[in-house]
Amino acid sequence: MLDSIVQQFLGGQAQNLDGDTLHQHVRHMAGNAPTPSVVGAVQGALGQMGPQGFGQSVHHASQGASQGQRNELGSILLHAIEQGGGNPKQALAKHNADPNSMQASGLAGLATQAAENNPQVLASLLGGHISQNSSSGGGGGIMQLLGNPMVQQIGMHLAQNAFK
């Protein structure tokens, strides 16, 4: 099954997958790849999309998410901002975000800022989270909030680099 999934991504058919299948396939690849490969795939996807593209993907995906999911992603983004040398309180104020009640627009701003300021730290945090949760059978919550464009890019990078 893994070979078939990898071939779908390498053959360009991943663009035709519905959201649930796309996420399931990327979770399967992430669960079978070493954590450094998943982190590298996230870093490659961030580079491909750029900070603005990542922020837009998060904004769109988080609109229909639960409050708990949005707050969890917000926590990861704030941690990335802090580890990258930024001030989480200033970031929250800048993006009019409440850490206890994250909304899509605030998450988009935090995602863009985290990707602009230190994409390596962000990739490490997101990639580690995806890898850990995918290998334990989960991983859907945060990955769904990254948005289909970002998840598709992560899948492409995993297929190209982790399963050659």
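Residues numbered from 1 in each chain as written. Predicted model: local features only at pLDDT ≥ 70, side-chain atom pairs only at ≥ 80, totals over all residues. Heavy atoms only, no water.

1. Overview of the overall build of the protein
Turning to step 1, where the next piece is worked out: Along its length, the protein carries 9 helices and 0 strands.
Turning to step 2, where the next piece is worked out: Counting from the amino terminus, helix and strand elements in the protein follow one another as α-α-α-α-α-α-α-α-α.
Turning to step 3, where the next piece is worked out: Relative to a compact globule of 164 residues, whose C-alpha radius of gyration would be 15 Å, the protein shows 15 Å and is just as compact.
Turning to step 4, where the next piece is worked out: With respect to the principal axes defined by its C-alpha atoms, the protein has extents near 45 × 30 × 25 Å.
Turning to step 5, where the next piece is worked out: Looking at the 164 residues of the protein, the share that counts as buried comes to 48%.
Turning to step 6, where the next piece is worked out: Of the contacts formed within the protein by residues at least 6 apart in sequence, a portion of 77% connects residues at least 24 apart.
Turning to step 7, where the next piece is worked out: For the protein, the computed accessible surface area is about 7,500 Å², with 43% contributed by carbon and sulfur atoms.
Turning to step 8, where the next piece is worked out: Of the charged side chains in the protein, 5 are positive and 7 negative; the average position of the first set lies 6 Å away from that of the second. (Helix = DSSP H or I, 4+ residues; strand = E, 2+ residues; numbered from the N terminus. Rg over C-alpha atoms; globule rule 2.2 N^0.38 Å. Buried < 20%, exposed > 50% of the residue type's maximum accessible area, 1.4 Å probe, protein only. Contact = heavy atoms within 4.5 Å. Areas by Shrake-Rupley, 256 points an atom, 1.4 Å probe, with all protein chains shown as cover. Lys, Arg positive; Asp, Glu negative; His and termini not counted. Charge placed at Lys NZ, Arg CZ, Asp CG, Glu CD.)

2. Some words on the packing of helix α2 (residues 19–32) against helix α9 (residues 148–161)
Turning to step 1, where the next piece is worked out: It is at 10 Å that the axes of α2 and α9 come closest, and there the two elements cross at 35 degrees. When the axes of α2 and α9 are compared, the crossing they make is left-handed. Packed against α2, whose contacting residues are Gly19, Leu22, His23, Val26, Met29 and Ala30, the element α9 presents Asn148, Val151, Gln152, Ile154, Gly155, Leu158 and Ala159 at the interface. (Axes fitted to C-alpha atoms, helices over the stretch in contact; angles between N-to-C directions. Left-handed = near helix turned anticlockwise from the far one by under 90°.)

3. Comments concerning the side chain of His23
Turning to step 1, where the next piece is worked out: With respect to the element layout, His23 can be found in helix α2.
Turning to step 2, where the next piece is worked out: At 2.7 Å, the side chain of His23 forms a polar contact with the side chain of Asn148.
Turning to step 3, where the next piece is worked out: Residue contacts for His23: discarding those within four places in its chain leaves Met143, Gln144, Asn148 and Val151. (Polar contact = N/O pair within 3.5 Å; in protein donor to acceptor, adjacent residues only side chain to side chain.)

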